[in-house]
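Structural overview for review
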Amino acid sequence: MRLQRRMEARGRRRRPWRRWVAVAIALLLLLLLLRDCGPGSGEVAPETPRVEAPAEPAPQEAEAPPAGQIARKDRPEFGVAPPAPLPWLAAFRLQVSARSPRLATCFIGAERPGRLEWTTTVDRAVGVVSDHSLEPMLATQDLRAEERDCVLSVLSEPHYLLVAPEGPATPSRVSVVIEF
């Protein structure tokens, strides 16, 4: 009993001291918060830029450039001719469209019609296609794995017969839209 009274007496003595510390900390926090709210603090809104009419450029006189600089020299435009169309592209598209009945078997049971953009690298010398990319267009759903495998096998085999006059024999990247 005596021990319990001593503990209660100690607790009463420490409580006022703890309260004063808590009050002091609260006041310090309040002062820190109010410090940034003074009349001169805060960010100043940026000034809106004035829109002025552009001044007429002064006619440039042929002046000698300052020492150490080279005078500007206008160069003629560099004309780049667009590449010639691939002469075998029409034959390639015709052969792709001839595979339509076989492609139709890949989409048996499809919920609705769709479009795919087939981008591939064509080696015209051998007639082999590689590096395929099938991208659904518009609201077409993605292909299932078995549909994708079927489409790529139909489009890859047999090889294409592409006869063209002499020209670059490097493989060309070609895109064809397939509708089903």
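Now for a description of the structure that goes with this document. Keep in mind that this is a model prediction, so the values were computed, not measured. (Residues numbered from 1 in each chain as written. Predicted model: local features only at pLDDT ≥ 70, side-chain atom pairs only at ≥ 80, totals over all residues. Heavy atoms only, no water.)

**Focus: the sheet that holds strand β1 (residues 115-123)**
Pairing is antiparallel in the open sheet, where three strands are placed in the order β2-β1-β3. Edge positions in the open sheet fall to β2 (128-137) and β3 (172-179), since each of these has one partner strand only. Pairs of neighbouring strands in the sheet enclose a mean axial angle of 20 degrees, with direction left out of account. Here β1 runs beside β3; their pairing, made up of eight bridges, is antiparallel. Within β3, the position partnered with Glu117 by the bridge is Val177. In the packing of helix α2 (residues 89-98) onto the sheet, contacts are made with β1, β2 and β3, and the angle to β3 comes to roughly 35 degrees. Contacting β1, β2 and β3, helix α4 (residues 145-156) runs over the sheet at an angle of about 140 degrees to β2. (Pairing = 2+ DSSP bridges. Helix = DSSP H or I, 4+ residues; strand = E, 2+ residues; numbered from the N terminus. Axes fitted to C-alpha atoms, helices over the stretch in contact; angles between N-to-C directions. Contact = heavy atoms within 4.5 Å.)

**What to know about the packing of aromatic side chains**
Taken as a whole, this structure holds three aromatic pairs when the rule is applied. Between Trp88 and Phe92 the ring centres are 6.3 Å apart and the planes differ by 85 degrees, which places this aromatic pair in the edge-to-face class. Through a chain of ring-to-ring contacts, the aromatic side chains of Trp88, Phe92, Trp118 and Tyr160 assemble into a single cluster. Between the NZ or CZ atom of Arg99 and the centre of the ring of Tyr160, over which it lies, the distance is 3.9 Å. (Phe/Tyr/Trp six-rings, centres within 6.5 Å; stacked < 30°, edge-to-face > 60°. Lys NZ or Arg CZ within 6 Å of the ring centre and 35° of its normal.)

**Some details on α4**
An α-helix turns once every 3.6 residues. As a result, residues three or four positions apart point the same way. When the terminal C-alpha atoms of α4 are compared, their 16 Å separation across twelve residues agrees well with the 16 Å that a helix rising 1.5 Å per residue should span. Of all the positions in α4, only Glu147, Val151, Leu152, Val154, Leu155 and Ser156 are classed as buried. For α4, the elements touching its buried residues are α2, α3 (100-104), β1, β2 and β3. (Expected span 1.5 Å × (residues − 1). Buried < 20%, exposed > 50% of the residue type's maximum accessible area, 1.4 Å probe, protein only.)

**Brief notes about α2**
Within the sequence span of α2, burial applies to Leu89, Phe92 and Val96. With its buried residues spanning 60 degrees around the axis, α2 presents them on a single face. Every exposed residue of α2 that faces more than 90 degrees away from the buried side is listed here: Ala90, Leu94 and Ala98. The inward-facing, buried residues of α2 abut α3, β1, β2, α4 and β3. (Arc of directions from axis to C-beta.)

**A word on the nonpolar core**
Of all hydrophobic cores here, the largest spans 22 residues; its most connected members are Phe92, Trp118, Leu155 and Tyr160. Elements with a minimum of two residues in this core: α2, β1, β2, α4 and β3. (Core = buried A, V, L, I, M, F, W, Y, C linked by side-chain atoms within 4.5 Å.)

**Description of the state of the cysteines**
Covalently bonding the sulfur atom of one cysteine to the sulfur atom of another cysteine gives a disulfide. A full pass over the atoms with the stated rule returns one disulfide. At a sulfur-sulfur separation of 1.9 Å, the disulfide partner of Cys106 is Cys150. One quick way to see it: the torsion about the S-S bond of Cys106 and Cys150 is about -70 degrees, and its sign makes the bridge left-handed. Of this pair, Cys106 sits in the loop between α3 and β1 while Cys150 sits in helix α4, placing them 44 residues apart in sequence. (Disulfide = S-S within 2.5 Å.)

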